[in-house]
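The lines below spell out each chain.
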Amino acid sequence: MLSCFQQEFRAPDLALICRDLRTLAINHKTVFDFWYAQLPLLGGATLELRYETLVADFATEVRKLAEFLLLPWDEALLAPGEHARAKGYISTPSYSQVVQPINRKSVGRWKRYEKHFKDALPILTPYAQRWGYPL
């Protein structure tokens, strides 16, 4: 969420959604409430990955994801940055991060800005608790 807030999106809808942390939290709530309401329709055909687990043990988590998606294993899945660089142009505000190797730099980064989340945390707390994040 913090990374979205820190971006300068050109798309007007995204700019409005990300204009402040409270508004962004409300939109996260809307999206996740919708998503969780759809889970019964998917009949268990979902896999939730926790970001911290993904970056801590990328190979294991990517293998789980490929297996879940019934994809054949390809070692290239372990090097998404190389794939991104090979494409040349990628239209994303996070291009400089996309081409980097997987790392843990963003884990817990929001804590440095915690005082600015005072209006957003009450909205996000139920989701943080569901996912096992201490606040």
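Just above, that's the structure.
Undergrad: I'd like to hear about the nonpolar core, residue by residue, with values.
TA: Among soluble globular proteins, nonpolar side chains are generally buried collectively. Counting residues in hydrophobic clusters, the biggest one holds seven residues: Leu 21, Ala 25, Phe 117, Ala 120, Leu 121, Ile 123 and Leu 124. Sorting the residues of this core by element identifies helix H3 (21-42) and helix H8 (121-130) as the ones contributing at least two each. Examining the composition of this core, we find that three residues originate from one element, H8, more than from any other.

Undergrad: Give a description of the pattern of salt bridges that names residues and reports values.
TA: One pass over the structure, following the stated rule, counts seven salt bridges. With its nearest N and O atoms 2.6 Å apart, the salt bridge here joins Lys 29 to Asp 33. With a gap of four residues between them, Lys 29 and Asp 33 both fall in helix H3, about one helical turn apart. Owing to a relative accessible area of 33%, Asp 33 belongs among the partly exposed residues under this scheme. A salt bridge links Arg 50 to Glu 52; its shortest N-O distance comes to 3.6 Å. Judged by relative accessible area, which is 31%, Arg 50 ranks as partly exposed.

Undergrad: Residues and numbers for the packing of aromatic side chains, please.
TA: In total, this model carries four aromatic pairs according to the counting rule given. Measuring from centroid to centroid gives 6.0 Å for Tyr 127 and Trp 131, while their planes differ by 40°, and the two rings are tilted. In textbook terms, an aromatic cluster arises when at least three aromatic residues are bridged by ring pairs, as seen for Phe 32, Tyr 36, Tyr 127 and Trp 131. A cation over an aromatic ring shows up here: Arg 63 above the ring of Trp 73, its NZ or CZ 4.1 Å from the ring centre. Directly above the ring of Tyr 36 sits Arg 130, whose terminal nitrogen or CZ lies 3.5 Å from the centroid.

What counts and what doesn't
- Residues numbered from 1 in each chain as written.
- Predicted model: local features only at pLDDT ≥ 70, side-chain atom pairs only at ≥ 80, totals over all residues.
- Heavy atoms only, no water.
- Core = buried A, V, L, I, M, F, W, Y, C linked by side-chain atoms within 4.5 Å.
- Buried < 20%, exposed > 50% of the residue type's maximum accessible area, 1.4 Å probe, protein only.
- Helix = DSSP H or I, 4+ residues; strand = E, 2+ residues; numbered from the N terminus.
- Salt bridge = Lys/Arg side-chain N within 4 Å of Asp/Glu carboxyl O.
- Phe/Tyr/Trp six-rings, centres within 6.5 Å; stacked < 30°, edge-to-face > 60°.
- Lys NZ or Arg CZ within 6 Å of the ring centre and 35° of its normal.

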